[in-house]
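Per-entry structural report
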Amino acid sequence: MVMLEVNNLKKVYTSRFGGNKVQALTDVSFSVEEGEFVAFMGESGSGKTTLLNILASLDRPTSGYVKLMGEDITAIPDSRLAAFRRENLGFVFQDFNLLDTFSLMDNIFLPLVLSGRNYAQMKVRLNPIARRLGIDDILNKFPYEVSGGQKQRAAVARALITDPKLILADEPTGALDSKASDNLLNLFDEINGDGQTILMVTHSVKAASHAKRVLFIKDGRIFHQIYRGQMGFEEMFQRVSDTLTLLTTGGEKDE
Amino acid sequence: MSKHIFAKMAVQNIKSNRRIFFPYLLTIIGTVAGYYICLALGNDPGIMEMRGNAYVISMMNIGSAVILFFSAIFLIYTNSFVVKRRQKEMGLYSVLGMGKRHIALMLSVETLIIGAVGVAAGIGVGVLFYKLCLLALYKIVDFPVPFGFYVSFEMVSQTVLLFAVIIGFTLLSNLWTVMRFNTIQLMGSQKAGEKEPKASWLLTLIGIAALGGGYYIALNVTTAVEALAFYFAAVFLVIIGTYLLFTTVSIAVMKLLKRNLRFYYKSRNFIALSGMLYRMKRNAVGLANICILSTMVLVMLSGTVSLYVGTEDSIESRCPADITSTVVFKDEKEDMGGIVDTVRLMAAESGARVERTAAYRYIAFAAMYQGEGAFTTDSGNYATNSRGVFNIVVIPYDEAKELLFPELTPPEKGQAYMAWSRETRPTRMTIDFGPGGVMAFELLSMEKNFVVSYFANDLTETCYLVVPDASGLMAAYDAQASRYGDEKSHIRCEVRTELTKKDYETQETCRNYLFENLRDRLNGDGENRFMSLRVDGRESYRREVYTMNGSFLFIGIFLGLIFVMGAALIIYYKQVTEGYDDRERFKIMQQVGLSHKEVKSSVRAQILMVFFLPLLVATMHIAFDFPIMLLLLRLFSITDGLLVAKCTGAVFAVFALLYAAVYSMTAGTYYKIVS
């Protein structure tokens, strides 16, 4: 079943007085099946963050549409956007984006509290997730008291607790050491294994090799894509790495 | 590196950091101008000529000292804020290869530029506004305005010198910061995680106790003497209480609320409570400062405004006639008629035409109030216990009726009227004279209070007792004489003289003539039958009291403006800091699923709460301060509580408007930073 359908997406940034125009996305189309784990790779400035922002409904495209389970999210009025994000999307960011004024538990609860759930309901949801992510004994700590890996797991818990259709991850391993990165990626594999759809933007070849599909973006276009298929992790790593080299050494689209 | 480049960089830095430098500059200008004006007013040659100038000069001297003190605090505070905000920038310079020496040099040039511009502009503003303030002062103290424009170069140089010292001190502290710093620390200084605020239950209790103690004193003081004695203790307790209220009590309360899961996990309270907890921690001291400054402004202004507005009433009670003379009889058998005739004759001798002269006698002695209308005289020491000590003033009805209480009907034998400053009146009054026996009266009800001018601004509480006739007066005299022996009180006589011409010169000539000669004339040759006496002229008292109350009011408004400026400054910097801190949080909350509007309204509510909390607490302080202020104003013959309440209300309204204006102006900066 198609979960996400992106069609002819175009984004043009215009400076305030219309002097300069920058085309960040040019005619991007792809679709994501339910239960997929898709990674987007590309250089800085390639347009992948713009794409993620549009998918996250934080930004609107100049033209084209994005359908989530058949609903065009680019047409949702501003007044409903926040609730839409809260109910359908889960976010994991490079720098965790935990609020330092909340304990980890309260950070995880945040989207549920905003949706008006009571404490008992939230607690029921939290327990299995916290146990699974291995953070059940640090829930009462504050972000400044725990390690980066722990913070990121709390952020994943926050993304999962609303039971979202889609998890959007922006460089989730960017601020983690290699061990914490591995843990997080294994976690993503596990969650994905349970049927959770994940979209991840990353620079890291290793991170991308965990995905079932990798989309390469260059100059605002989808440049190439690799399906994992029956490939093992090593082989996938090699393919992604080769493609990236091709991408950065300026090879033209040839496949 | 050439010197030139530092100057260039310094100017560039000031320009690009104008959002934080501009208010600093304004502070310098404002405080310098304020200090110069106050200092120069205290030394103005025109004011030196003014009658009663001692009040003005001493007020201005106190005022300029206060301004200097607060200027130093404000400037040091502002400077430390500016430096803190720029730590990252300095770290960057250091990374880019500037040595500490270079940074110090650049910083010094900056400070010197800002200081020089600020002081020069401050002096300019001061000189320009000086004349305006002088006009206002003359108007307030009701004195004809002289011509001319006056610049005191001596005061200019004194101002420049003192502010140079203050700014030099901030420069030294900045250099000290530069010498100590560590580049890596500076670069990351704003990112460090913040600990969750902890509430100290002990400090919370101390805070509540201090505040409660201060309020308890304010509510339980019943006499002006006590008010005077305990005022500073109460103020001290309330200041401590205020600091603890903002720093720990607020946090303790929020922690308690947080423990209530049902309350805490409501979408409205959830974000607000956690946000407020940290906001209070970061801003507690600043907010307590704003609160105390606001309270000071409110107390000062409502006191001085009440004093000024109530001046006419106080003149009326203190000087009920054009000339009021009080004579003390050494021999109680003395005849009052002779005194009245002598005063009338002498007033005419001074060149005035007398319209009417009238007099009444009374006796005043100390007694302790025991409650329920019972007084007792005690030869022991009254000074050890001021509470309950009264001046009892016994007045014969038939002598004083026309002058003091024309509306009262005559009391029968055994009946009396009683007037005092307390709320309720007993129905029966007894005075126990010990060996002198007991006097007892049934008290008749009456509407209006009255005042014997001699006691109009006495520290001790006064209880007026109106007995039917002179026999009651004599009985009281004998009774207290047998009680107090050598320390007995004497009968006094208040003589009121109305002249046909009401002008100052006529009255003053008459008053001086009486003051110098009345005693000798009454005593005639040799025998000392009359003791100390007081002669008050209404016009001369009016001028004196307007000069005094006017200079109080002037300095109240002047200092009020300076304090408001200080409070505004703190609010501004707090808004800027909050803005930078909130920018990040704002972003995260939107990503997690709060709409822009929701975030904005939640943050607005918090910011409003944070910045209006000081005003709220200040209002509470003022409410509790009110009774004590009423008592203190009594020392200045202001007895009309309603008038004081009106003045306080008006001052509060103006202040709250000003506060809201300052808030909304600075809130603009906050929203600009956040979005």
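About the thresholds
- Residues numbered from 1 in each chain as written.
- Chains lettered and ligands numbered in written order.
- Predicted model: local features only at pLDDT ≥ 70, side-chain atom pairs only at ≥ 80, totals over all residues.
- Heavy atoms only, no water.
- Helix = DSSP H or I, 4+ residues; strand = E, 2+ residues; numbered from the N terminus.
- Expected span 1.5 Å × (residues − 1).
- Buried < 20%, exposed > 50% of the residue type's maximum accessible area, 1.4 Å probe, protein only.
- Pairing = 2+ DSSP bridges.
- Axes fitted to C-alpha atoms, helices over the stretch in contact; angles between N-to-C directions.
- Contact = heavy atoms within 4.5 Å.
- Domains from an automatic or database assignment.
- Salt bridge = Lys/Arg side-chain N within 4 Å of Asp/Glu carboxyl O.
- Phe/Tyr/Trp six-rings, centres within 6.5 Å; stacked < 30°, edge-to-face > 60°.
- Lys NZ or Arg CZ within 6 Å of the ring centre and 35° of its normal.
- Patch = residues over 30% accessible without salt bridge, like charges linked within 9 Å, V, L, I, M, F, W, Y side chains within 5 Å.
- Areas by Shrake-Rupley, 256 points an atom, 1.4 Å probe, with all protein chains shown as cover.
- Left-handed = near helix turned anticlockwise from the far one by under 90°.
- Nonpolar A, V, L, I, M, F, W, Y, C, P; charged D, E, K, R; others polar.
- Buried area = accessible area lost by both parts, 1.4 Å probe.
- Polar contact = N/O pair within 3.5 Å; in protein donor to acceptor, adjacent residues only side chain to side chain.
- Parallel < 35°, antiparallel > 145°, perpendicular 65-115°, else oblique.

A few words on helix H9 (residues 201–220) of chain B. Over its 20 residues, H9 of chain B runs 28 Å from end to end, which matches the ideal 28 Å to within 8%, given 1.5 Å per residue. Residues Thr204, Gly207, Ala210, Leu211, Gly214, Tyr215, Ile217 and Ala218 of chain B constitute the buried set of H9 of chain B.

The subject of this paragraph is the sheet that holds strand E8 (residues 197–202) of chain A. Residues and elements named next belong to chain A. Strand order across the open sheet formed by 6 strands is E6-E7-E8-E3-E9-E10, with mixed pairing between neighbours. Single-partner strands in this sheet number two, and they are strand E6 (89–93) and strand E10 (221–227). Between one strand axis and the next, the sheet turns through 20 degrees on average, direction left out of account. Where strand E3 (residues 37–41) lies against E8, 5 bridges are found, and the strand directions are parallel. Counterpart to Met41 in the pairing with E8 is Thr202. Relative to the sheet, helix H2 (residues 78–88) contacts E6 and strand E7 (166–170), its axis offset from that of E6 by approximately 80 degrees. On the sheet, helix H6 (residues 178–193) packs against E3, E7 and E8 and is oriented at approximately 150 degrees with respect to E8.

What follows covers the domain arrangement of chain B. Once the domains are mapped, chain B shows domain 1 (1–192) and domain 2 (323–538). Between the C-alpha centres of domain 1 of chain B and domain 2 of chain B there is a distance of 57 Å.

All names here are of chain B. Mapped onto the fold, Met565 is located in helix H18 (residues 538–592). Taking the relative accessible area as the measure of exposure, Met565 reaches 25% and is therefore partly exposed. Not counting residues within four places of it along the chain, the set of residues in contact with Met565 comprises Thr27, Gly30 and Thr31.

Let us look at the pattern of salt bridges. Applying the stated criterion to the full structure yields 25 salt bridges over all chains. Across the salt bridge formed by Asp182 of chain A and Lys206 of chain A, the nearest N and O atoms sit 2.9 Å from each other. Here the residue Asp182 of chain A occupies a position in helix H6, and Lys206 of chain A occupies one in helix H7 (residues 205–209), the gap between them amounting to 24 residues. Taking the relative accessible area as the measure of exposure, Lys206 of chain A reaches 31% and is therefore partly exposed. Three or more residues are tied together by salt bridges with common partners; here these are Glu316, Asp322, Glu498, Lys502 and Arg538 of chain B.

Let us look at the packing of aromatic side chains. With the rule as written, the count across this model stands at 41 aromatic pairs over all chains. Note on Phe109 of chain A and Tyr265 of chain B: the rings are 5.4 Å apart at their centroids and 85 degrees apart in plane angle, and the pair reads as edge-to-face. Placement of Phe109 of chain A in helix H3 (residues 104–114) and of Tyr265 of chain B in the loop between helix H11 (261–264) and helix H12 (267–309) is noted, with the two residues assigned to different chains. Accessibility classification places Phe109 of chain A together with Tyr265 of chain B in one group, the buried group. Their ring planes at 55 degrees and their centres at 4.8 Å tell us that Tyr264 of chain B and Tyr265 of chain B sit as a pair that is tilted. For the pair formed by Tyr264 of chain B and Tyr265 of chain B, the shared burial category is buried. Taken together, the ring pairs connect Phe102, Phe109 and Tyr119 of chain A together with Tyr264, Tyr265 and Phe270 of chain B into an aromatic cluster. Looking at Lys67 of chain A, its charged tip hangs above the ring of Tyr65 of chain A, at a distance of 4.8 Å from the centre. The residue whose ring lies beneath Arg492 of chain B is Tyr454 of chain B, and the NZ or CZ to ring-centre distance is 4.5 Å.

A cluster of nonpolar side chains, contributed by Val125, Leu128, Phe129 and Leu132 of chain B, occupies part of the molecular surface with about 380 Å² of accessible area. For Leu128 of chain B, a relative accessible area of 64% translates into the label exposed.

Let us now look at the sheet that holds strand E1 (residues 2–14) of chain A. All names here are of chain A. Read from one edge to the other, the open sheet built from 4 strands follows the order E2-E1-E4-E5, with strand pairing classed as antiparallel. This sheet does not close on itself; its edge strands, each paired only once, are strand E2 (21–33) and strand E5 (71–72). Direction of pairing for E1 relative to E2: antiparallel, over a ladder of 9 bridges. Within the sheet, the bridge partner assigned to Glu5 lies in E2 and is Ser31.

With that settled, consider the side chain of Ser57 of chain A. Residue and element names in this part refer to chain A. Among the structural elements, Ser57 can be located in the loop between helix H1 (48–55) and strand E4 (63–68). Judged by relative accessible area, Ser57 falls into the buried class, the value being 6%. What Ser57 contacts, discounting residues up to four positions off in sequence, is Ile73, Leu81, Phe84, Arg85 and Leu89.

Below, the discussion takes up the packing of H3 of chain A against H12 of chain B. Where H3 of chain A contacts H12 of chain B, the two axes come as close as 9 Å, and the packing angle between them is 145 degrees. As H3 of chain A packs across H12 of chain B, the resulting crossing turns out to be left-handed. For the pair H3 of chain A and H12 of chain B, the contacting residues are Asp106, Phe109, Leu110, Val113 and Leu114 of chain A in the first and Ser267, Phe270 and Ile271 of chain B in the second. When the residues that make up the contact of H3 of chain A with H12 of chain B are grouped by side-chain class, the tally is 6 nonpolar, 1 polar and 1 charged.

The backbone of Asp163 of chain A shows a phi angle near 60 degrees, a positive value even though the residue is not glycine. Secondary-structure assignment places Asp163 of chain A in the loop between helix H5 (148–160) and E7. Look at Asp163 of chain A and you get exposed, because its relative accessible area is 61%. Phi angles above zero are rare outside glycine, and Glu372 of chain B is one such case at about 55 degrees. Turning to its location among the elements, Glu372 of chain B is positioned in the loop between strand E2 (354–371) and strand E3 (374–376).

A word on the pairing of strand E8 (residues 461–467) of chain B. All names here are of chain B. Counting buried positions along E8 yields 7 of 7 residues, so the element is predominantly enclosed. The alternating pattern of E8 places Glu461, Cys463, Leu465 and Val467 and Thr462, Tyr464 and Val466 on opposite faces, both of which are buried. Two strands pair when backbone bridges link them, and strand E4 (residues 389–396) and E8 are joined in this way by 7 bridges, in the parallel orientation. Directly across from Phe390, in E8, lies its bridge partner Glu461. Pairing between strand E5 (residues 415–419) and E8: 3 bridges, direction antiparallel. For Ala419, the partnering residue across the bridge sits in E8 and is Tyr464.

Taken together, the contact pairs 25 residues of chain A with 24 residues of chain B. The contact between chain A and chain B buries some 2300 Å² in all, and 68% of this surface belongs to carbon and sulfur atoms. Here chain A and chain B share 3 residue pairs in polar contact (both at pLDDT 80 or more) between them. Elements with a minimum of two residues in the side of chain A that touches chain B: H2, E6, H3 and helix H4 (119–133) of chain A. With 7 residues, the single largest contributor to the side of chain A that touches chain B is H3 of chain A.

To continue, consider the packing of H18 of chain B against helix H20 (residues 641–674) of chain B. Relative placement of two packed helices is described by the angle separating their axes and the distance separating the axes. Residues and elements named next belong to chain B. Look at H18 against H20: their axes get within 8 Å of each other, and the N-to-C directions meet at 30 degrees. With respect to H20, the element H18 is oriented roughly parallel. As H18 packs across H20, the resulting crossing turns out to be right-handed. Taken together, the residues of H20 that come into contact with H18 (itself represented by Val564, Ala568, Ile571, Tyr572, Gln575, Val576, Glu578, Gly579, Tyr580, Asp582, Arg583 and Phe586) are Phe655, Leu658, Tyr659, Val662, Tyr663, Thr666, Ala667, Thr669, Tyr670, Ile673 and Val674. Partitioned by chemical class, the residues of the contact of H18 with H20 number 16 nonpolar, 4 polar and 3 charged.

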